[in-house]
Amino acid sequence: MAEEVIIVQGNGVLAGDVTVSGAKNSALKLMAASLLGSGESVLRNVPLISDIGIMAEVLERLGATVVREGHSLRIDTAPVASCETPYELVTKMRASISVLGPLIGRFGRARVAMPGGCQIGARKIDMHLVGLEALGVRFEVDHGVLVAEAPDGLHGADVTLEFPSVGATENMLMAAVVAEGTTLIENAACEPEIADLAAMLNAMGAQVQGAGTPHIEVQGVSLGSMHPCDHATVGDRIEAGTFLVGGALTGGPVTVHGIDPAFLRMAIMKLEQMGAQVETGADWVRVSRTEPLRCTDIQTLPHPGFPTDLQAQFMLLAALADGTSVITENVFENRFMFAAELMRMGADITLDDHHALVRGVASLQGAPVSSTDLRAGAALVLAAIAAEGESRIHHLEHIDRGYEDYVGKLASLGADISRVSA
């Protein structure tokens, strides 16, 4: 199949209204959670992205039936009889490790291939295993496959996570809802997607309190009392943040609909520090800018800190700001691969371990560049819109993993952009 590329004629124009899709990082875990309620669950506001297709395949290989109707999925997990996920699918996408918790919850055992995914860091799953071991799960690795068994059933426990890992919190949550007794998860991840997962689990019959805070309490229920449900995915805060950066980059105004502004408090604060004007409503955020971009310092941290998934987009803003910004990446060690591509376009960036020194330049020049990961790809397209001349962005498979119709949405905001076969 011929490679597709995005071609951008830099025009510095992004203005208008755009609606974000459902959150990729939520929808994938909601799909996994459907395994706990035997029967047909309906998930709404599911984005049309490639990662969803991979997770659907994972569920189908377990025996489920997955039918897409526009932005809804009908997932019938009643026929699921297997508790083993195939290597070739799991290695394509790290999020497929999230079936571990619900499979153990449903069958008391699971065989899951060790995960793959973006090249942005090791992202070890040790904390997933430590948390599940506290609930009574035993693990061994058999030729690259993680073998999990709970020989005496799942039981509640008090667990303090070493780091507020999103994936570890989610896997523990999905096992704990059917564990006997009470589970307390301390130093839990606080991301909005955790709260969304808990809302779906509660709609299925679980008893979860405190999701979205560092202290989650789960009163275990019997597997038989879990049932299918109908649930709508929250809006994608990272997609929203990406479009907001586009508005700040070009001046806007850009209004992003379908997102709770509370999900983006830190990003909004940084946009304002950099010279943008931000207005918010119940489910929308508007950004514009009339003054020069200002430098700022950013360090990525777990939510409610600055999201690592917006680091590349804000590095782009810093690259065109007056003065020098320091960006510190505390979450994923390889997230600065994006800097080398941005430097091809004329950015002045010096890397030192997990710090990036970004000296603002007057302009960027169009160039051929490659997506190194999902968020870097999205940021490179924005860079091309702001740059002088033509850019070609390669390796679009990364962008397709997390952005639905990215080219179409940017074109609707005025970008001179097209997607063609190379």
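Use the structure listed above.
Counting starts from 1 at the beginning of each chain's written sequence and moves along it residue by residue. For a predicted model such as this one, the threshold for reporting local features is a pLDDT of at least 70, and the threshold for listing and counting side-chain atom pairs is 80 or more; totals across whole chains, interfaces and linings nevertheless cover every residue. Values reported for side chains reflect all heavy atoms of the structure, with hydrogen atoms and water molecules removed beforehand.

**Notes on the pairing of strand 20 (residues 348–352)**
If DSSP finds at least two bridges between two strands, the strands pair. Secondary structure is summarised from DSSP: a helix means a run of H or I of at least four residues, a strand means a run of E of at least two, and numbering begins at the N terminus for each. Note that strand 20 and strand 21 (residues 355–359) share five bridges and pair antiparallel. Bridge pairing in strand 21 places Leu-351 opposite Ala-356. Hairpin remark: strand 20 followed by strand 21, antiparallel, with two residues in the connecting loop; positive phi at Asp-353, about 60°.

**Things to note about helix 8 (residues 237–250)**
Between its terminal C-alpha atoms helix 8 stretches 20 Å, which fits the 20 Å expected from 14 residues at 1.5 Å a residue. Accessible area is worked out with a 1.4 Å probe on protein chains only. A residue is then buried under 20% of its type maximum, exposed over 50%, and partly exposed in between. Most of helix 8 is tucked away, with 14 of its 14 residues classed as buried. At the N-terminal boundary of helix 8, the capping side chain belongs to Asp-236, with an oxygen 2.9 Å from the backbone nitrogen of Ile-238. Once helix 8 ends, the next one or two residues include Gly-251, with phi positive near 110°. Given the number of residues in a helix, its expected span is that number minus one, multiplied by 1.5 Å. In protein, a polar contact requires one atom able to donate a hydrogen and another able to accept it; more generally it is a pair of N or O atoms within 3.5 Å, and residues adjacent in sequence count only if both atoms are side-chain atoms.

**A look at unusual backbone geometry**
With glycine set apart, most residues show a phi of negative sign, and most peptide bonds adopt trans. Omega for the peptide link from Gly-252 to Pro-253 comes to 0°, which places this bond in the cis form. Note the cis peptide between His-303 and Pro-304, where omega equals 10°. Phi at Asp-353 takes a positive value of approximately 60°, unusual for a residue other than glycine. Tracing the backbone through its elements, the reader meets Asp-353 in the loop between strand 20 and strand 21.

**Concerning the packing of aromatic side chains**
Think of a pair of aromatic rings as described by two things: how far the centres are apart, and how the planes are tilted against each other in angle. Each Phe, Tyr or Trp ring (for Trp, its six-membered ring) is paired with any other whose centre lies within 6.5 Å, and the angle between the two planes then decides the class: stacked below 30 degrees, edge-to-face above 60, tilted in between. Overall, the coordinates contain three aromatic pairs when judged by the stated rule. Here Phe-243 and Tyr-406 contribute two aromatic rings whose centre-to-centre distance is 5.9 Å and whose plane-to-plane angle is 50°, an arrangement assigned as tilted. Pair noted here: Phe-243 is in helix 8 and Tyr-406 is in helix 14 (residues 406–412), with a separation of 163 residues, a long-range link. Of the two residues, Phe-243 and Tyr-406, both sit in the buried class. Look at Tyr-403 and Tyr-406: their rings are 4.8 Å apart centre to centre, the planes differ by 40°, and that puts the pair in the tilted class. Chaining the aromatic ring pairs together yields one cluster made of Phe-243, Tyr-403 and Tyr-406.

**As for helix 9 (residues 265–273)**
All of the buried residues in helix 9 are Ala-267, Ile-268, Lys-270 and Leu-271. Down the axis, helix 9 shows its buried residues gathered within 160° of arc, on one side only. We call two residues contacting when some pair of their heavy atoms lies within 4.5 Å. Residues of helix 9 that are buried make contact with helix 8, strand 16 (277–280), strand 17 (284–288), strand 18 (298–299) and helix 10 (311–319). Just past helix 9, the residue Gly-275 takes up positive phi, approximately 105°. The directions considered for the arc run from the helix axis to the C-beta atoms.

**Quick word on the pairing of strand 17**
Direction of pairing for strand 15 (residues 254–257) relative to strand 17: antiparallel, over a ladder of four bridges. Bridging across to strand 17, Thr-255 finds its partner in Arg-286. Pairing geometry for strand 16 and strand 17, over four bridges, is antiparallel. Across the sheet, Glu-279 pairs through a bridge with Arg-286, a residue of strand 17. Hairpin connection from strand 16 to strand 17: three residues lie between these consecutive antiparallel strands.

Limitation: the analysis is restricted to geometry and does not speak to function.
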